[in-house]
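Single-letter residue listing:
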Protein chains: 2
Amino acid sequence: MTEPQSAYTPQHCDGYNGTRGNPVSSNGRLPPGQRSTIPAREGRAVHLNKGDRLFILNEKGHQVCDFFALVHGCPAEMLSMEHTRTALGRVYVGEGDTLVTNRRRPLIEIVEDTSPGVHDILIACCDQPRYAQLGHEGYHDNCADNFRMALQAIGVEPVHVPSPFNIWMNIPVAGDGTFQWTAPTSQAGDHIALEAKETCLCVMSACPQDMTPVNGNDTQPAHLIFWIERPAG
Amino acid sequence: MTEPQSAYTPQHCDGYNGTRGNPVSSNGRLPPGQRSTIPAREGRAVHLNKGDRLFILNEKGHQVCDFFALVHGCPAEMLSMEHTRTALGRVYVGEGDTLVTNRRRPLIEIVEDTSPGVHDILIACCDQPRYAQLGHEGYHDNCADNFRMALQAIGVEPVHVPSPFNIWMNIPVAGDGTFQWTAPTSQAGDHIALEAKETCLCVMSACPQDMTPVNGNDTQPAHLIFWIERPAG
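Novice: Hey, could you run me through the relation of the copies chain A and chain B in this one?
Specialist: The two copies are related by a screw motion: chain A maps onto chain B through a turn of 180° and a shift of 0.0 Å along the axis, at an RMSD of 0.0 Å. Given the turn and translation reported, the copies of this chain are related as if by a two-fold rotation axis. Residue Gly175(A), judged by its C-alpha, is the member of chain A lying nearest the rotation axis, at 2.6 Å.

Put into structure tokens, the structure is as follows:
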């Protein structure tokens, strides 16, 4: 037998940052209306009941949020961009669209979006191998590890790092199928609101990409702010 | 606590077909040059050593092959379309392109393609929920279950059902990002050859989609033929 070529597990982080020790609470629950900050380069997990709305505020305007969601109690059923593209018949999403899981169940609806509505559902989240390929030496904060750490901080082990909903990430696809990494079209103070169609865990990462212009032409990662609104009754 | 909403596991099949009991061998190894058939609507797994070339023959011409690959000994490191798109800067692939894993390692190179080169790397593989949404009643053969069964038939448990490399699947993306499900451009007798850049398990599913035209305008699923060529020495 040929020896195994790799010891990769989806739970293992390539390195660590403040994401690991700073969950919003031990189980990811956050009182409605209470604002919380995702520091630049970090991630946070938050629990949503079915019907809750998650608001994400792009205070600086140029910061991408890598967004993930897992069905409550079932980390193997996750928000899936490939199933969402199939459901929508499009490679873009916008206000009014519902994103689905890998079991094709509606999970997240984009109910408000004050930005021009440019988001990405095509590109993998950044990870340590990506930064190594871009020429970075040593550990670089990354959205894959932020996803892992944010979940582990509330006692959940990821079973796979899914392709994210990259909020405000601007990856225009040309007619020949090629695309570029360009600066967001969102502005300071823009927000997006996402409604949970099922009870779920959401993970947001303030993308630490500073080697391409995805977080603005000054490539400086910034913080994000989020809170929950819960329907009455 | 809210009760779990789902009991999904990536190992569980929604139903079964001949894929489960008919592996090419107990460990997926196939002697070089020995032709093997994937019956219509079924899947097969095959082991490739690094450097091996896998030939897939579209004998009828209109049959899509959903293709997956896992690094040998590490089913969590898998061929990843979202990482491949990032590596190529394109939503299409063709002859000469190398597809990478979710750790961004080169895994599969398209070394020969006699077809016009129209393939898909955007769409999720079909599954039981997809056919239910299309209006089918009861179990329908599907590529997700074929992937699971083909691996389980050689003693490997999947940890996730990845987004596939849909060989010969024709999903043209328009300038506005919308796309259509259309018939393959491949012709009877076309083949593709894929070279393993690492030792891996490949899974092929002769897509059983008969409710959209992805397998031709007559929507009749057909068989596929495959074999391995091994470099001398």
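Having seen it, we continue.
Novice: Just checking my understanding: could you explain the pairing of strand 4 (residues 65–71) of chain A for this structure?
Specialist: Working note: regular strand, side chains alternate between the two faces of the sheet. Residue and element names in this part refer to chain A. Here strand 4 lies mainly inside the structure; seven of its seven residues are buried. Both strand 4 and strand 8 (residues 165–167) contribute to a ladder of three bridges, which runs antiparallel. In the strand pairing of strand 8, Asp66 is matched with Asn166. Examined bridge by bridge, strand 4 and strand 10 (residues 200–206) share seven bridges and lie antiparallel to one another. Bridge pairing links Asp66 to Ser205 in strand 10. Note: strand 4 against strand 5 (residues 74–78), two bridges, orientation antiparallel. Of the residues in strand 5, the one forming a bridge with Val71 is Cys74. Hairpin connection between strand 4 and strand 5: a loop of two residues separates the two successive antiparallel strands, and Gly73 in this loop has a positive phi of roughly 80°.

Novice: In this structure, what is going on with the pattern of salt bridges? I would like to understand it.
Specialist: Where charged atoms from two side chains of opposite charge come close, those side chains can pair. Counted according to the given criterion, the structure contains 25 salt bridges over all chains. Glu42(A) is the partner of Arg44(A) in a salt bridge, and the nearest nitrogen-oxygen pair spans 3.1 Å. With respect to burial, Arg44(A) and Glu42(A) carry one shared label: buried. As a salt-bridge pair, Arg105(B) and Glu77(B) come within 2.9 Å of each other at their nearest N and O atoms.

Novice: Any chance you could explain the interface of chain A and chain B here in plain terms?
Specialist: It is common to give the size of an interface as the accessible area that goes away when the parts come together. Between chain A and chain B, the contact holds 52 residues from the first and 53 residues from the second. Roughly 4,600 Å² of surface becomes buried between chain A and chain B when both sides are summed, with 54% attributable to carbon and sulfur atoms. At the surface where chain A touches chain B, the tally comes to four salt bridges. The closest approach of N and O atoms between Asp14(A) and Arg103(B), which form a salt bridge, is 3.0 Å. There are 15 residue pairs in polar contact (both at pLDDT 80 or more) connecting chain A and chain B. Every element with two or more residues in the side of chain A that touches chain B is listed here: strand 5, helix 1 (81–88) and helix 2 (128–133) of chain A. Each residue belonging to the side of chain A that touches chain B can be placed in one class, and the counts come to 21 nonpolar, 16 polar and 15 charged.

Rules used throughout
Residues numbered from 1 in each chain as written. Chains lettered and ligands numbered in written order. Predicted model: local features only at pLDDT ≥ 70, side-chain atom pairs only at ≥ 80, totals over all residues. Heavy atoms only, no water. Least-squares fit on C-alpha atoms with pLDDT ≥ 70 in both. Buried < 20%, exposed > 50% of the residue type's maximum accessible area, 1.4 Å probe, protein only. Helix = DSSP H or I, 4+ residues; strand = E, 2+ residues; numbered from the N terminus. Pairing = 2+ DSSP bridges. Salt bridge = Lys/Arg side-chain N within 4 Å of Asp/Glu carboxyl O. Contact = heavy atoms within 4.5 Å. Buried area = accessible area lost by both parts, 1.4 Å probe. Polar contact = N/O pair within 3.5 Å; in protein donor to acceptor, adjacent residues only side chain to side chain. Nonpolar A, V, L, I, M, F, W, Y, C, P; charged D, E, K, R; others polar.

Everything listed is a geometric property; what it means functionally is a separate question.
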